[in-house]
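Remarks on the overall topology
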Amino acid sequence: MSDRQSYKSDLSDERWALIEPVITSWKAQHPSVSGHQGNYDMRARTVCEAMDMEIAPSDINNVRLKLKRLAERGILVETERGLFAWPRP
C-alpha cells in the first residue's frame with residue numbers, strides 16, 4: 001500500500017470489492033462482437049450506469065476519482081485518459 005494522503009471520500013477495500021461483481025455483470029451482459037472475451041475498457045459514466053447511480057456530473061467525477069485510485073493501486077489500469085480496464089495478463 002502506498003503512503004498517499006487519505007481522503008474523506010476513500011472507501012475501504014471491502015466496499016470496493018462490492019463494485020467488482022457489478023462490473024463483471026455488466027461485461028457479461030455486453031458480449032463482444034469481435035470475440036475478445038468482454039475485456040472492455042470502461043469510463044466512469046459506464047460504471048455509474050452499471051451501478052444504477054444517478055448520472056450527474058458530481059457522481060461521475062467521484063467514480064472517476066475512485067477508479068483512478070484503483071489504477072494507482074494496480075487493481076485497474078488506465079489505458080488512456082479516463083478509460084479504465086482490468087489489467088490484462
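Residues numbered from 1 in each chain as written. Predicted model: local features only at pLDDT ≥ 70, side-chain atom pairs only at ≥ 80, totals over all residues. Heavy atoms only, no water.

So, the nonpolar core
- Core analysis: the biggest nonpolar cluster contains 13 residues, and Met-42, Val-47, Val-63, Leu-67, Leu-70 and Leu-76 have the highest contact counts within it.
- Those elements giving two or more residues to this core turn out to be helix H2 (19–29), helix H3 (44–50) and helix H4 (57–72).
- Excluding its chain neighbours within four sequence positions, the residues that come into contact with Val-47 are Met-42, Val-63 and Leu-67. (Core = buried A, V, L, I, M, F, W, Y, C linked by side-chain atoms within 4.5 Å. Buried < 20%, exposed > 50% of the residue type's maximum accessible area, 1.4 Å probe, protein only. Helix = DSSP H or I, 4+ residues; strand = E, 2+ residues; numbered from the N terminus. Contact = heavy atoms within 4.5 Å.)

Re unusual backbone geometry
- With a phi close to 55°, Asp-52 is a non-glycine residue in the positive phi region.
- Examined against the element boundaries, Asp-52 turns out to sit in the loop between H3 and H4.
- The class for Asp-52 is exposed, based on a relative accessible area of 74%.

Some remarks on the pattern of salt bridges
- For the coordinates displayed, the defined rule picks out 3 salt bridges.
- The shortest N-O distance in the salt bridge between Arg-43 and Glu-80 comes to 3.9 Å. Residue Arg-43 is located in the loop between H2 and H3, and its partner Glu-80 is located in strand S1 (residues 77–80); the two are separated by 37 residues in the primary sequence.
- Among the residues examined, Glu-80 registers a relative accessible area of 45% and is labelled partly exposed. (Salt bridge = Lys/Arg side-chain N within 4 Å of Asp/Glu carboxyl O.)

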